[in-house]
Amino acid sequence: SLALGIGCRLTFIWGRCRMPSLTQQQLYLYTNIRRKRKPRSFLKMLSNIKFFLLVAACTLVIFIKVLRAPITTIDDQHVAVQDSSSLKFFVIGDWGSELTDEVMFSNQKRVAAAMKRRALQEGKPEFVISVGDQAYYNGVTNLTDATERFVGGFDNMYDKSLLQEQWYLTVGNHDCMGNVSALYEFADAHPKWTMKPFYKLNQELTDKSQKLSIFVLDMCTFVCASSLQENFRCDGLWRDTEMRRQEMIHWLDQELASANCSEEWCIVAGHWPIFSFGGNGPTSILIQELLPLLHKHNVAIYFSGHDHNMQHITMPSNKTTEFFVTGTGGFKLHPTLKEEIAEEAEVLNRQVQSEYFVAEYGFMAVRVTRRVIYIDFIHENGRILYSYRVTK
C-alpha cells in the first residue's frame, strides 16, 4: 500500500509538471475546450496506466531492498572484531580407512572434501586435531606398512590446504591393535604429524589477547592399563604399564594447574569419550579419574572420538566442562548404543544430558576467540548440522 501510494503521488506530480503556465483567461479557455473534447483514446489511457505501474513497481523494489538490507548491530561489530583475532582448527576422528575397503574409503573421501570446502569458505585451519583410529582395522604392522597406508589414506586423501598445517594425533583402540611403536615412528618421520603418548599443544590468538592449551592423552593406556576396572573394548589391545598411566595422570594434573584455565582456554583430547549416548557408550574409569581433574582445573572442553557419531553432552550439576564426540571420519556409524554397554550406560549417563546427537559422517570446525569458542558440526556435504558457543 505504501508503494502504491507513493506511485500515485509521483503520477500526480508528473501530470502537473506537464501542464504549461497559463493566465486566468487562458486557463478558462483551456478548461472549456478540454470539457468539449472527446474522451481520450484508449492507447493514451493505457500509456498513463503503464507509467503508473512502472513507478509503483520501482518504488516497491526500492522498499523491499531497504527492508532486506543487513543491519549492523553492536553484536555484529563485536563478532567481526573477534574474528580478526581468532584461531581456527578442525577436529576429526575414526577416519583411517583400510585402503581395500571401498565403502569406508569413499566415506573418508567425502569427509575430506567437506573439510576442503570449509577451509576454502571460512579460511583454512591453523591445525587439525585427530582423536584416534587412524589405522583400521588392526593398526599397522611396521613402519613400511604405515608409510604405504598413509600415502593413500592421508597424503593423497586430504587437500593441500589441510596438509600444509600440522596434524596433532593420538592413538585409538584400532591403532592399539597393531604396532603402536611403528605408528609413533611414522609420526616422527612425517613432517606434518605430531603424535606422542601424551603432550601439550600451546597456541595463542594472533593479537596475543588469549592463550589456548590443548592436552592430548593416550587413552589406550589411560583406560586399558587400569587395574581398577576393565573396559569391554580393551581386549587384545596394546597398552603401556600402570606406572606409565599414573605418570600421565600426574603430568596432566600438574600441567593443568600451571595453565591458569580459569582465565585461559584449556582443552583435553583423547580417543575414549567420558560420556556417550551411542556406540561404545560412557567410560567408567574416565568418569572416576579424568572427570574430577577436568572440573578441578576448569577445563572448558573434552574432545573425543571412538563412537562413530557426533555428540554434544552437558552436565547440569557442573557446567565447567562440555563434552564433544566426533568419530565420523569414515568408519561405519554408531546410531545406537552397543548391547554390551547399554545397561551400564543407562546408569552412568544419568548425570548428563544429550544436547545434540547425530550419526552422520563429518567433522567439527572450531573457532577460538578471547571469550567464546564456536563449534560447528559439519556434515559430509558441507552443511552445518549444529552450532554451539562455549563461553568463558
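The rules behind the values
- Residues numbered from 1 in each chain as written.
- Predicted model: local features only at pLDDT ≥ 70, side-chain atom pairs only at ≥ 80, totals over all residues.
- Heavy atoms only, no water.
- Helix = DSSP H or I, 4+ residues; strand = E, 2+ residues; numbered from the N terminus.
- Buried < 20%, exposed > 50% of the residue type's maximum accessible area, 1.4 Å probe, protein only.
- Contact = heavy atoms within 4.5 Å.
- Polar contact = N/O pair within 3.5 Å; in protein donor to acceptor, adjacent residues only side chain to side chain.
- Expected span 1.5 Å × (residues − 1).
- Core = buried A, V, L, I, M, F, W, Y, C linked by side-chain atoms within 4.5 Å.
- Pairing = 2+ DSSP bridges.

Asks: How should I be thinking about the environment of Ala 112 in this particular structure?
Replies: Here Ala 112 shows up in helix 5 (residues 102–122). Assessed through its relative accessible area of 4%, Ala 112 is described here as buried. Sequence separation between Ala 112 and Ile 92 is 20 residues; the distance between their C-alpha atoms is 10.0 Å. Setting aside residues up to four positions removed in sequence, Ala 112 forms contacts with Met 157 and Tyr 158.

Asks: I keep staring at the side chain of Asn 280 and nothing clicks. Help me out?
Replies: Along the chain, the position of Asn 280 falls in the loop between strand 7 (265–269) and helix 11 (284–289). Owing to a relative accessible area of 3%, Asn 280 belongs among the buried residues under this scheme. There is a polar contact of 3.2 Å between the side chain of Asn 280 and the backbone oxygen of His 306. Side chain to side chain, Asn 280 and Lys 338 meet in a polar contact 3.1 Å long.

Asks: Where do I start with helix 6 (residues 143–155) in this structure?
Replies: Owing to its 3.6 residues per turn, the α-helix brings residues three or four apart onto one side. With 13 residues, helix 6 extends only 16 Å from end C-alpha to end C-alpha; this falls clearly short of the ideal 18 Å at 1.5 Å per step. Inspection of helix 6 places Ala 146, Arg 149, Phe 150, Gly 153 and Phe 154 among the buried residues, and these make up the whole buried set.

Asks: Got a minute to help me understand the nonpolar core in this structure?
Replies: In terms of nonpolar packing, the biggest core is built from 70 residues, with Phe 150, Tyr 158, Leu 217, Leu 286 and Leu 290 touching the most fellow members. Element by element, the count of residues in this core is highest for helix 8 (residues 180–189), at 6 residues. Setting aside residues up to four positions removed in sequence, Leu 290 forms contacts with Leu 217, Met 219, Phe 222, Leu 252, Ile 274, Ile 285 and Tyr 302. Listed in part, the 32 residues of the second largest apolar core include Val 131, Trp 265, Val 368 and Ile 373.

Asks: Looking at this structure, how should I read the environment of Asn 142?
Replies: Tracing the sequence through the fold places Asn 142 in the loop between strand 2 (127–130) and helix 6. Relative accessible area serves as the criterion here: at 36%, Asn 142 is assigned to the partly exposed category. Once the C-alpha coordinates of Asn 142 and Phe 186 are considered, the two residues, 44 residues apart in sequence, prove to be 9.0 Å apart. Not counting chain neighbours up to four residues away, the residues in contact with Asn 142 comprise Asn 179 and Ala 182. A polar contact is formed between the side chain of Asn 142 and the backbone nitrogen of Thr 144, at a distance of 3.2 Å.

Asks: Explain the pairing of strand 5 (residues 199–204) here, please?
Replies: Within a regular beta strand, the side chains point alternately toward one face of the sheet and then the other, so they alternate between its two faces. In terms of strand pairing, strand 5 meets strand 6 (residues 211–216) through 6 bridges, oriented antiparallel. Looking at the pairing, Tyr 199 lines up with Val 216 of strand 6. Linking strand 5 to strand 6, which pair antiparallel, is a turn of 6 residues; within it Lys 208 sits at a positive phi near 65°.

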